[in-house]
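Chain residues, written in single-letter form:
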Amino acid sequence: MTEIKKLERPLVEVLWSRYEKVIGKDFPGYRNHVYRTITYAMHFLEYEPELEPLIETVFVYHDIGLWTDHELAYLEPSETVTLVDNEKYEWGLNADALRGAIHWHHKIFPYKGPHEKVIEACRKADWIDASKGTFRKGLSKAAVQKVETAFSNLGFHDTLLGLAKDYGGSVLVGGIKVTRGIIKW
């Protein structure tokens, strides 16, 4: 990754239009998290243009259940919202690929199975960002830093801790609920 291919993504902005108010004050941080993960995933997919709408949609929706359903175990609610919108708005995106990329994006070990290429790119991208670049999945520190500079954190990781506390009663209890609800082996 020598350069960031896109700083603006019109499809992402259209998809946000339905959820920006629901996400509320957390929107700027989540928006930049989405842009960072899309950037990483598209790198792993060698910037294949035909995969871009799928990847953009996956990442706009991958954590949306935190806000739409106020759930710490947000994978299934996020999948549901994504699949409903895919059908309602007739996007024609592969439902199994959408569901799989959201469902497995916190998987610890590599995913093997249908839509592996897309799901693995999404999984690696989210791990890079969730770990703030501690896990780089083959990217250099400099590449991760470029992406983080282009799309600053804006308190996203603090937001996640706050939601864990708000929805779980405490950061500890919420953290346990999140871990049990979203981490896949």
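These remarks concern the structure in this document. Just so you know, these numbers come straight off a predicted model, no measurement behind them. (Residues numbered from 1 in each chain as written. Predicted model: local features only at pLDDT ≥ 70, side-chain atom pairs only at ≥ 80, totals over all residues. Heavy atoms only, no water.)

### A word on the overall build of the chain
- When its secondary structure is counted, the chain shows 11 helices and zero strands.
- Its helices and strands taken in sequence order, the chain reads α-α-α-α-α-α-α-α-α-α-α from the N to the C terminus.
- Compactness check: the chain gives a C-alpha radius of gyration of 15 Å against a globular reference of 16 Å for 185 residues, within 12% of the reference.
- Here the chain holds 185 residues, and 49% of them are scored as buried.
- Put simply, 65% of the contacts in the chain that link residues at least 6 apart link residues at least 24 apart.
- Working note: accessible area of the chain is about 9,000 Å², and carbon and sulfur atoms make up 57% of it.
- Averaging the positions of the 24 positive and the 26 negative side-chain charges in the chain gives two centres separated by 6 Å. (Helix = DSSP H or I, 4+ residues; strand = E, 2+ residues; numbered from the N terminus. Rg over C-alpha atoms; globule rule 2.2 N^0.38 Å. Buried < 20%, exposed > 50% of the residue type's maximum accessible area, 1.4 Å probe, protein only. Contact = heavy atoms within 4.5 Å. Areas by Shrake-Rupley, 256 points an atom, 1.4 Å probe, with all protein chains shown as cover. Lys, Arg positive; Asp, Glu negative; His and termini not counted. Charge placed at Lys NZ, Arg CZ, Asp CG, Glu CD.)

### Things to note about the side chain of Glu56
- Mapped onto the secondary structure, Glu56 falls in helix α4 (residues 52-61).
- Relative accessible area serves as the criterion here: at 6%, Glu56 is assigned to the buried category.
- For Glu56, the contacting residues outside a window of four places in its chain are Arg9, Leu11, Val12, Leu15 and Ile38.

### Some thoughts on helix α3 (residues 27-44)
- Here α3 spans 26 Å end to end across 18 residues, near enough to the 26 Å set by a 1.5 Å rise per residue.
- Counting buried residues along α3, 15 of its 18 residues qualify, which places the element largely inside the surrounding structure.
- Positive backbone phi, approximately 55 degrees, marks Glu46, located one or two places after α3. (Expected span 1.5 Å × (residues − 1).)

### Here we look at a nonpolar patch on the surface
- A contiguous nonpolar patch, built from Leu172, Val173 and Ile176 and spanning about 280 Å² of accessible area, is present on the exposed surface.
- Its location among the elements puts Leu172 in helix α11 (residues 171-182). (Patch = residues over 30% accessible without salt bridge, like charges linked within 9 Å, V, L, I, M, F, W, Y side chains within 5 Å. Salt bridge = Lys/Arg side-chain N within 4 Å of Asp/Glu carboxyl O.)

### Topic: the environment of Glu116
- Along the chain, Glu116 turns up in helix α8 (residues 116-130).
- You can call Glu116 partly exposed: its relative accessible area is 30%.
- For the pair formed by Glu116 and Leu54, sequence separation is 62 residues and the distance between their alpha carbons is 14 Å.

### Topic: the packing of helix α10 (residues 156-168) against α11
- One way to put it is that α10 packs onto α11 with a least axis distance of 7 Å and a crossing angle of 95 degrees. By the criterion of interaxial angle, the relationship of α10 to α11 is roughly perpendicular. Contacts between α10 and α11 involve Leu161, Ala164, Lys165, Tyr167 and Gly168 from the first element and Val171, Val173, Gly174, Gly175 and Lys177 from the second.
- The residue inventory of the contact of α10 with α11, partitioned by class, reads five nonpolar, three polar and two charged. (Axes fitted to C-alpha atoms, helices over the stretch in contact; angles between N-to-C directions. Parallel < 35°, antiparallel > 145°, perpendicular 65-115°, else oblique. Nonpolar A, V, L, I, M, F, W, Y, C, P; charged D, E, K, R; others polar.)

### Things to note about unusual backbone geometry
- You will see that Tyr47, though not glycine, has its phi angle at about 55 degrees, which is positive.
- Position of Tyr47 among the secondary structure elements: in the loop between α3 and α4.
- Using a relative accessible area of 27% as the deciding quantity, one classes Tyr47 as partly exposed.
- The backbone phi angle of His70 is positive, close to 50 degrees, even though this residue is not glycine.
- Residue position: His70 is located in the loop between α5 (65-68) and α6 (75-88).

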